[in-house]
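Spelled out from the first residue to the last, the chains are:
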Amino acid sequence: MLPIPGEATIAVTIGICTSCVLSALLYFIFRIQLVQLNKSVTIENVFTPFNSNLLMMGVSQNLMSWSEVGYLLPLIQNPMWNASIALSFRVMGAVLFEYTYVQYSYLRAEHILDDILPKINPYISFYTKHCKYLFLANVITRFVSCGIAFTDTEVSLSLSRASVNMYIVNGVSVLVVDLACLYAFVRYLQRTKGSAYEEPDKQFHIIATHGVASACIFLAVLAFVLVYSLLEEEIWDCLLILTSTATFLVLFKMKVALHREKVERLNARLTVVNLVQHGKV
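Keep in mind the model is a prediction, meaning the values are calculated, not measured.

Thoughts on the nonpolar core
The nonpolar side chains of soluble globular proteins are, as a tendency, buried together.
So, step 1. Residues M57, I112, L113 and F185 are the most contacted members of the largest nonpolar core, which totals 62 residues.
So, step 2. Of all the secondary structure elements, the ones that give two or more residues to this core are α1 (6-36), α3 (49-72), α4 (79-116), α5 (121-130), α6 (132-147), α7 (153-192), α8 (202-231) and α9 (234-277).
So, step 3. Per-element tally for this core: the top contributor is α4, with 11 residues.
So, step 4. Apart from residues lying up to four places away in sequence, M57 is in contact with F97, T100, Y101, Y104, F248 and L251.

A few points about the packing of α7 against α8
So, step 1. Where α7 contacts α8, the axes come no closer than 9 Å and their chain directions differ by 150°. The orientation of α7 with respect to α8, classified from their angle, is roughly antiparallel. In terms of crossing hand, the pair formed by α7 and α8 is left-handed.
So, step 2. Grouping the amino acids of the contact of α7 with α8 by side-chain chemistry returns 19 nonpolar, 4 polar and 1 charged.

Points about the layout of surface pockets
So, step 1. The calculated volume of the second largest pocket comes to roughly 400 Å³.
So, step 2. Looking at the lining of the second largest pocket element by element, the count peaks at 5 residues for α9.
So, step 3. Taken together, the residues that form the lining of the second largest pocket break down as 7 nonpolar, 7 polar and 5 charged.

Re a nonpolar patch on the surface
So, step 1. Judged by side-chain polarity, V164, I168, V172 and V176 come together as a nonpolar surface patch covering roughly 330 Å² of accessible area.
So, step 2. By relative accessible area, V172 is classed as partly exposed at 46%.

Reading guide: rules and limits
- Residues numbered from 1 in each chain as written.
- Predicted model: local features only at pLDDT ≥ 70, side-chain atom pairs only at ≥ 80, totals over all residues.
- Heavy atoms only, no water.
- Core = buried A, V, L, I, M, F, W, Y, C linked by side-chain atoms within 4.5 Å.
- Buried < 20%, exposed > 50% of the residue type's maximum accessible area, 1.4 Å probe, protein only.
- Helix = DSSP H or I, 4+ residues; strand = E, 2+ residues; numbered from the N terminus.
- Contact = heavy atoms within 4.5 Å.
- Axes fitted to C-alpha atoms, helices over the stretch in contact; angles between N-to-C directions.
- Parallel < 35°, antiparallel > 145°, perpendicular 65-115°, else oblique.
- Left-handed = near helix turned anticlockwise from the far one by under 90°.
- Nonpolar A, V, L, I, M, F, W, Y, C, P; charged D, E, K, R; others polar.
- 1 Å grid on protein atoms, 1.4 Å probe; cavity = no way out; pocket = protein on both sides within 12 Å on 5 of 7 lines; lining within 4 Å.
- Points joined across faces, edges and corners; volume = space filled by probe spheres on them.
- Patch = residues over 30% accessible without salt bridge, like charges linked within 9 Å, V, L, I, M, F, W, Y side chains within 5 Å.
- Areas by Shrake-Rupley, 256 points an atom, 1.4 Å probe, with all protein chains shown as cover.
- Salt bridge = Lys/Arg side-chain N within 4 Å of Asp/Glu carboxyl O.

Take a look at the structure:
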């Protein structure tokens, strides 16, 4: 039996964790959210913009972690093909994570951004609507590079470098949006904390507190991207995947908190309606 590198053990552990978290999200949507809100299982109810982005984020975590396992372990006989294919799917997972992260974050933060940064929000909105083409170009470039790796090495290397550059550019653009969201969240919390004139909206407060946490962790993700690109040691990529999974967990927790708040609000409204109907109000 071949010895398993320490990084591979970490990658397998992270892969199992990401699979469990994605399973938990699916269970929450089908067995808790839809049931408690008395909604039927339809495409419209399951694949809402929020659910779709969060589910795809969970898929991206699994792509990154299990591709890392494939890169570190001798799963196929040709090591060059093993590395090339695994890296391509890992890039796909990383790009998908960045894209779904910025989409989900903006969906949740849109109203707060419009309130705190009204002049900047239209530009962020424009970016989130059209950035899919930048991310798609990144993935296509990487897979084309993989496809011609054994027929035209020079072109393949050029495309591979272009893919890395695209990933960095996309990462910087996501960072700008993330910092804008972070600033808006912090300003909203500061403005409503202890204010005698403005009572914080419960949903906005949940979004802002979780948004601050996810934005801070995502900054660590980008930091590990930079360190990995400089050192090219797989332990840093494992840490990158681990922190991105932590970001996903925070956003999942935000979804659960928002759902609970909505259920409480609906139950309170139903209680008032019942009291009115029975003449007790």
